[in-house]
Amino acid sequence: MTVSTTAKLLTDRIGRIEVSATMAVTAEAAKLRSQGANMVDFGAGEPHFATPRHIKDAAIAALESNFTRYTVVPGIPELRKAIVERHACDFGSDYAIDEAVFTTGGKLALFNVIQVLVDHGDEVILPVPYWVSFKDIIQYAGGKVVYLETDEAENFRITADAIEKAITPRTKAIILNSPSNPSGSVVSASDLERIVNLAHERGIYLLLDECYVYLNFKGKAVSGGSFVKAKEHVVVLGSLSKTYAMTGWRAGFALGPKAIIGAMSKLQSQSTSSATSIVQKASIAALTSSQQCVTEMRAEYIQLRDQVLARLAGIPGVTCTVPEGAFYVYPNISAYLGKPGAATATELATRLLHEAHVVTVPGEAFGTKEHIRISYAVTHEDIDEGLKRMKEFFAKLG
């Protein structure tokens, strides 16, 4: 018996998503590196710092004490207590342990909350530029992405007025990522409060990707979870990855209404189950110990940002907004587009990769056509060398 050649192999839902652009670039860079190329990697969105010693020691202690078995799905109570207490201390939020779930990375928290909230035909407002996975996760759930354009001249600012205009009777959720990947823009405290209240009044869920919330360069960081009167319609999506240089540990969480968190936990029980046991113990150490490492890393990122902006300013025709947080710059390279072999940002980024051996991510992955993303979570030496190569590349292209 043979399967009919007309039978459909894959589901419709898998056809609604694409391979992550950042992962694709990372894979291509790894291939060139394996062939002997000396790459300067501005592609990966992860800290260049080592995970702090006390966090690693907590994981080692967990191993030595044989804390290596399954745990309850949403995370051990001590960890969820640490999550809600750290958030309350830093942002004045008011969550209980059963309003927190620990996930295998922040991306899983996002995926799960979209799966439990967004149904076929539901609209989700997504500001542009956006992190690469947002639109795919929404589409995988059957939702409709409503793109909200922002103005580069205003530093890609997201306002409550613009959000309100995008709302329709089918709007189920709004996604905000502040500080933003890729632009580094930050939603102001006043706009954030208005958006939170607007969502609450309209019965719309505000999904707040706050994985860079501690990398806010404008002053005191603000979380949407701070506005406790509207918490019924707010889900905070957090991650220890960027804050504590723990990307490979896969440590994320969500804070939100008990019913939503319970549904996320139920979904997780049928997929990953609990996150890795030793990662949970390491995460407790990260959240409950001194936060001096966070302060030191943030200060270093500001220096790196200023260095990469100064180097970009030396490339004729390239302009760039000043990031207010995270660890990316999003330069406008439109002056070099439309030339042979560089008709699009994707073509240009591909040539940068293969000819200059500099890894960047093209703007099309983030919803714009005139930009590339550069991660400056690298060494000062890498910034100097990478921008030197880019300047030489653009001079030849021009």
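Conventions adopted
Along each chain, residue indices are assigned from 1 in the same order as the chain's sequence is written. Where local features are concerned, this predicted model is filtered to residues with pLDDT of at least 70; where side-chain atom pairs are given and counted, the filter is 80 or more; whole-chain, interface and lining totals use all residues. To get the side-chain values, all heavy atoms of the structure are used, and hydrogens and water are removed first. Elements are defined by DSSP. Helices are runs of H or I of four residues or more, strands are runs of E of two residues or more, and each kind is numbered from the N terminus. To get the radius of gyration, use the C-alpha atoms; to get the globule rule, take the number of residues to the power 0.38 and multiply by 2.2 Å. Throughout, a contact is declared for two residues whenever any of their heavy atoms are within 4.5 Å. Exposure was quantified through the Shrake-Rupley algorithm and a 1.4 Å probe, taking into account, for residues, occlusion by the shown protein chains and nothing else. Residues scored as positive are Lys and Arg, those scored as negative are Asp and Glu, and His as well as the terminal groups of each chain are ignored. Charge positions are represented by NZ for Lys, CZ for Arg, CG for Asp and CD for Glu. The criterion for strand pairing is that DSSP finds at least two bridges linking the strands in question. Inter-axis angles, ranging from 0 to 180 degrees, are taken between N-to-C directions of lines fitted to C-alpha atoms, where helices are fitted over the stretch in contact. Think of it like this: strands point away, you trace from the first strand over the helix to the second, and a clockwise trace means the crossover is right-handed. Pairs were defined over the aromatic rings of Phe, Tyr and Trp, the Trp ring being its six-membered one, requiring ring centres within 6.5 Å. Orientation was assigned from the angle between planes: stacked under 30 degrees, edge-to-face over 60, tilted for the rest. Three exposure classes are used, based on accessible area relative to the maximum for each residue type with a 1.4 Å probe and protein chains only: buried under 20%, partly exposed in between, and exposed over 50%.

Student: How should I be thinking about the overall build of the chain in this particular structure?
Tutor: The helix and strand tally for the chain stands at 13 helices and 12 strands. By the compact-globule yardstick of 21 Å for 398 residues, the chain fits well, its C-alpha radius of gyration being 21 Å. If one aligns the C-alpha atoms of the chain with their principal axes, the spans along those axes are about 65 × 60 × 50 Å. Considering only residue pairs separated by 6 or more positions, the chain has 75% of its internal contacts joining residues 24 or more positions apart. When the accessible surface of the chain is split by element, carbon and sulfur atoms take 53% of a total near 17200 Å². Charged side chains of the chain number 40 positive and 42 negative; the gap between the two group centres comes to 3 Å.

Student: Looking at this model, I keep getting lost on the sheet that holds strand β8 (residues 252-255). Mind explaining?
Tutor: Working definition: the strands of a sheet are paired by backbone hydrogen bonds and lie parallel or antiparallel to each other. Taken in spatial order, the 7 strands make up an open sheet running β2-β8-β7-β6-β5-β3-β4, and their pairing is mixed. In this open sheet, the two strands that pair with only one neighbour each are β2 (100-103) and β4 (144-149). When the angles between neighbouring strand axes are averaged without regard to direction, this sheet yields 20 degrees. For strand β7 (residues 234-239) and β8, the ladder comprises 4 bridges, and the chain directions are antiparallel. The residue of β8 that forms the bridge with Gly238 is Phe253.

Student: Hey, could you run me through the side chain of Ser283 in this one?
Tutor: Tracing the sequence through the fold places Ser283 in helix α10 (residues 277-288). Ignoring sequence-local partners within four residues, the contact set of Ser283 consists of Leu79, Phe102, Leu240, Met246 and Ala251.

Student: Which parts of the structure should I look at to understand the environment of Gly106?
Tutor: Looking at the secondary structure, you find Gly106 in helix α5 (residues 106-117). When the C-alpha atoms of Gly106 and Asn216 are compared, they prove to be 18 Å apart, with 110 residues separating the residues in sequence. In this structure Gly106 touches Gly238, Ser239, Arg250, Ala251 and Gly252, once residues within four positions along its chain are discounted.

Student: Looking at this structure, how should I read the pairing of β4?
Tutor: Residues in a regular strand project their side chains so that they alternate between the two faces of the sheet. As defined by bridge partners, strand β3 (residues 123-128) adjoins β4 across 6 bridges and the pair is classed as parallel. Paired with Pro127 across the two strands is Leu148, which belongs to β4. As a crossover connection, the stretch from β3 through helix α6 (residues 132-140) into β4 is right-handed.

Student: Whenever I open this one, the packing of aromatic side chains confuses me. Can you help?
Tutor: For any pair of aromatic rings, the description consists of the separation of the ring centres together with the inter-plane angle of the planes. Evaluated as defined, the whole model comprises 13 aromatic pairs. Consider the rings of Phe156 and Tyr330, whose centres lie 6.1 Å apart with planes at 65 degrees: the pair is edge-to-face. Taken together, the residues Phe156 in the loop between β4 and α7 (160-166) and Tyr330 in the loop between β9 (328-329) and α12 (345-356) connect sequence positions 174 residues apart. For Phe156, a relative accessible area of 4% translates into the label buried. Site record: aromatic cluster; members linked through ring pairs are Phe49, Tyr212, Tyr301, Phe327 and Tyr328.

Student: Whenever I open this one, the pairing of strand β12 (residues 372-375) confuses me. Can you help?
Tutor: Alternating residues of β12 divide into Ile372 and Ile374 and Arg373 and Ser375, and every residue in both groups is buried. One ladder, built from 2 bridges, connects β9 with β12; its direction is antiparallel. The residue bridging Tyr328 from the neighbouring strand is Ser375, located in β12. As paired elements, strand β11 (residues 361-362) and β12 share 2 bridges and run antiparallel to each other.

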